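Analysis of the macromolecular model
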Amino acid sequence: MPNERLEEQLKNMLVERLMLRMQPAEIGDTDDLIEKWGLESVQLMEIVIGLEEVFGIQLGDDEFSVKKFRTIANIAAVVREKDPNAGAHA
Amino acid sequence: MPAPMPETSGFFPATDGTPLYGVYHSPGSRASCPHDASDGRSVVIAPPLFEERKSAYGALAQLARGLSEAGCGVLRFDYRGSGESGGEGGQRRWKDLAADLDAACAAARKLSDCEQVTLIGTRLGATLVLTEANRLKPERVVAIAPMLKGATEVRHWRLRSKMRSELGGAAAPASERATEGVLDLDGFPVHSGFFDDLQKIDLFSEPAPAGCPTLLVQISHRENAAPDSERLTSALGRQANLACIKALPFWERVEDADTGEMQRRIVEFVRAARSGEQGTGSE
């Protein structure tokens, strides 16, 4: 979607890649993905891989922390830190 | 429901005598003559390692039973230092996996009385099968979600280990707790040299057609081919085909995964050998 918010792109990616039976809009930007949606390490890893494939972002060992992937808002911050233009265009 | 096919478990020797554990599934009633080399088929399943091995175990056992019902003799086995095989995981190198696959092929030929072996690998096992196919000269190859670049996989393993450590509240990521060249990967001892070996593997840099019909199986959220899957299929040559299955990766799931479609496509592909067809594993 043109000019789609980065957060919406991330939610779409998450639902698609994890094959979740829910609508992306059901995920709040600040929902705790682990506590509220039950994501485990395998699924967090899938998000990391998704960031690599979709946004071209690679995280090193020292750059990763679970806290950075707890919420869509946090993940978006990671993406913007690596690519300030992410989500700013289609 | 068909009668259960006999399954026999036991040990066979690796080339250096290390006892390797295996489960052999006898050919089922569909084989017109189970021990007739002209009709029967022999299959070796090369598993993943570490957590992926645990998660994939049930699905691969089901696959073996499906192939057995289809008339194939199927050997599942554990690499040295994993499962119930002898040897130390912390001493294992990539060349040891290759040697163990070699031994498994020899054992499968003996058990099934078939000279030709079909190799089925999953994840690291798929990468192993693809890199060793030219040497082992199997009749057919099935590669389920091979690890494409070892360096990427090692990086992902380290990241996942760090995730698990943080989620579990551990003091330090497991992979950092090294003792005398042996790393701890989520409780699995890994020789530091094994990571070095793996990082040298790149299925794209030295693509080598297996020299036989090859089925690459992509299992992911995608219904269509991922760019890397297409690229690898092309690199593997004209005898390679790609099956795209939209499903959660069974090697990552604690609970049972739906592998019915995968099983159906693989059995169809392997059975095509009997009729002399190339087989595409297509719907």
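Residues numbered from 1 in each chain as written. Chains lettered and ligands numbered in written order. Predicted model: local features only at pLDDT ≥ 70, side-chain atom pairs only at ≥ 80, totals over all residues. Heavy atoms only, no water.

Looking at the sheet that holds strand β6 (residues 140-144) of chain B
Residues and elements named next belong to chain B. Selection criterion: Strands pair, by our definition, only if DSSP identifies at least two bridges between them. Helical segments are the DSSP runs of H or I of at least four residues, strand segments are the runs of E of at least two, and each set is numbered from the N terminus. A fitted line through C-alpha atoms represents every axis, and for helices the fit uses only the stretch in contact; the resulting angles, taken between N-to-C directions, go from 0 to 180 degrees. We call two residues contacting when some pair of their heavy atoms lies within 4.5 Å.
Taken in spatial order, the eight strands line up as β1-β2-β4-β3-β5-β6-β9-β10 in an open sheet, and their pairing is mixed. Lying at the two open borders of the sheet, with one neighbouring strand each, are β1 (7-13) and β10 (240-246). Across this sheet, the average inter-strand angle for adjacent strands is 20°, counted without regard to direction. Both β1 and strand β2 (residues 19-25) contribute to a ladder of seven bridges, which runs antiparallel. By the bridge assignment for β2, Thr8 is matched with Tyr24. Most of the contacts of helix α2 (residues 94-112) go to strand β3 (residues 41-46), to which it runs at about 150°, and overall it touches β1, β2, β3, β4 (72-77) and β5 (117-122).

A few points about the packing of helix α2 (residues 41-55) of chain A against helix α4 (residues 150-168) of chain B
The criterion, for reference: An angle below 35 degrees is treated as roughly parallel, one above 145 as roughly antiparallel, one from 65 to 115 as roughly perpendicular, and anything else as oblique. Crossing handedness is defined as follows: a turn of the near helix away from the far one that is anticlockwise and smaller than a right angle gives a left-handed crossing, while the clockwise case is right-handed.
Close contact between α2 of chain A and α4 of chain B brings their axes to 10 Å; oriented N to C, the two are set at 135°. Here α2 of chain A is positioned oblique relative to α4 of chain B, judged by the angle of their axes. The two elements α2 of chain A and α4 of chain B cross, and the hand of that crossing is right-handed. Across the interface between the two elements, Ser41, Val42, Leu44, Met45, Val48, Ile49 and Glu52 of chain A of α2 of chain A pack against Arg155, His156, Leu159, Arg160, Met163, Arg164 and Leu167 of chain B of α4 of chain B.

Overview of the interface of chain A and chain B
Heads up, the rule is: Simply put, the buried area is the total loss of 1.4 Å probe accessible area from both parts when two parts are fitted together. When a carboxyl oxygen of Asp or Glu is within 4 Å of a side-chain nitrogen of Lys or Arg, the pair counts as a salt bridge. Think of it as three bins: nonpolar holds Ala, Val, Leu, Ile, Met, Phe, Trp, Tyr, Cys and Pro, charged holds Asp, Glu, Lys and Arg, and polar takes everything else, Gly as well.
Of the residues lining the interface, 24 residues belong to chain A; the matching set on chain B comes to 17 residues. When the two sides are added together, the surface that chain A and chain B hide from each other amounts to roughly 1900 Å², 63% of it contributed by carbon and sulfur. It is Met19, Met45 and Asp61 of chain A that lose the most area in chain A upon contact with chain B, and together they represent 31% of the buried surface on that side. A salt bridge links Glu53 of chain A to Arg222 of chain B; the shortest N-O distance between them is 3.3 Å. For the side of chain A that touches chain B, the secondary-structure elements that each account for two or more residues are α1 (6-17) and α2 of chain A. Among the elements that line the side of chain A that touches chain B, the one with the most residues is α2 of chain A, at nine residues. In terms of residue class, the side of chain A that touches chain B is built from eleven nonpolar, four polar and nine charged.

Quick word on α2 of chain A
Rule in force here: Take the residue count of a helix, subtract one, and multiply by 1.5 Å to get its expected span. When accessible area is computed with a 1.4 Å probe and restricted to protein chains, residues below 20% of their type maximum are described as buried, those above 50% as exposed, and intermediate ones as partly exposed.
An ideal rise of 1.5 Å per residue puts 21 Å on 15 residues; α2 of chain A measures up with 20 Å between its terminal C-alpha atoms. Counting buried positions over the 15 residues of α2 of chain A gives twelve, a clear majority of the element. On its buried face, α2 of chain A sits against α1 and α3 (72-82) of chain A together with α4 of chain B.

What about the confidence of the model for chain A?
Put simply, the test is: Every residue carries a pLDDT, the predictor's confidence in it, which falls somewhere between 0 and 100.
Looking at chain A as a whole, the pLDDT averages 88, with 92% of positions reaching at least 70. The secondary-structure element of chain A with the lowest mean pLDDT is α2 of chain A, recorded at 92, while α1 of chain A shows the highest, at 95.

Some words on the pairing of strand β8 (residues 188-191) of chain B
Residue and element names in this part refer to chain B. Sheet analysis places strand β7 (residues 182-185) next to β8, joined by four bridges and oriented antiparallel. Paired with Leu183 across the bridge in β8 is Val190. With antiparallel pairing between neighbouring strands as the criterion, β7 and β8 make up a hairpin whose turn holds two residues, including Asp186 at a positive phi of roughly 55°.

Remarks on the packing of α4 of chain B against helix α5 (residues 192-199) of chain B
Residue and element names in this part refer to chain B. The N-to-C vectors of α4 and α5 enclose an angle of 135°; their axes lie 7 Å apart at closest approach. By the criterion of interaxial angle, the relationship of α4 to α5 is oblique. Contacts from Gly150, Ala151, Val154, Trp157 and Arg158 of α4 reach α5 at Phe194, Phe195, Leu198 and Gln199. For the contact of α4 with α5, the residue count by class is six nonpolar, two polar and one charged.

Topic: the side chain of Gln218 of chain B
Residues and elements named next belong to chain B. Note the threshold: Within 3.5 Å is the distance limit for a polar contact, defined as a pair of N or O atoms, with the added protein rule that one can donate a hydrogen and the other accept it, and that residues adjacent in sequence qualify only through two side-chain atoms.
Checked against the element boundaries, Gln218 lands in strand β9 (residues 214-220). Here Asn224 takes part through its backbone oxygen, which lies 3.0 Å from a polar atom of the side chain of Gln218. Within the local environment of Gln218, its side chain forms a polar contact with the side chain of Ser229, the two groups lying 2.6 Å apart. Those residues in contact with Gln218, other than ones at most four positions away along the chain, are Asn224, Ala225, Ala226, Ser229, Leu242, Ala243, Cys244 and Ile245.

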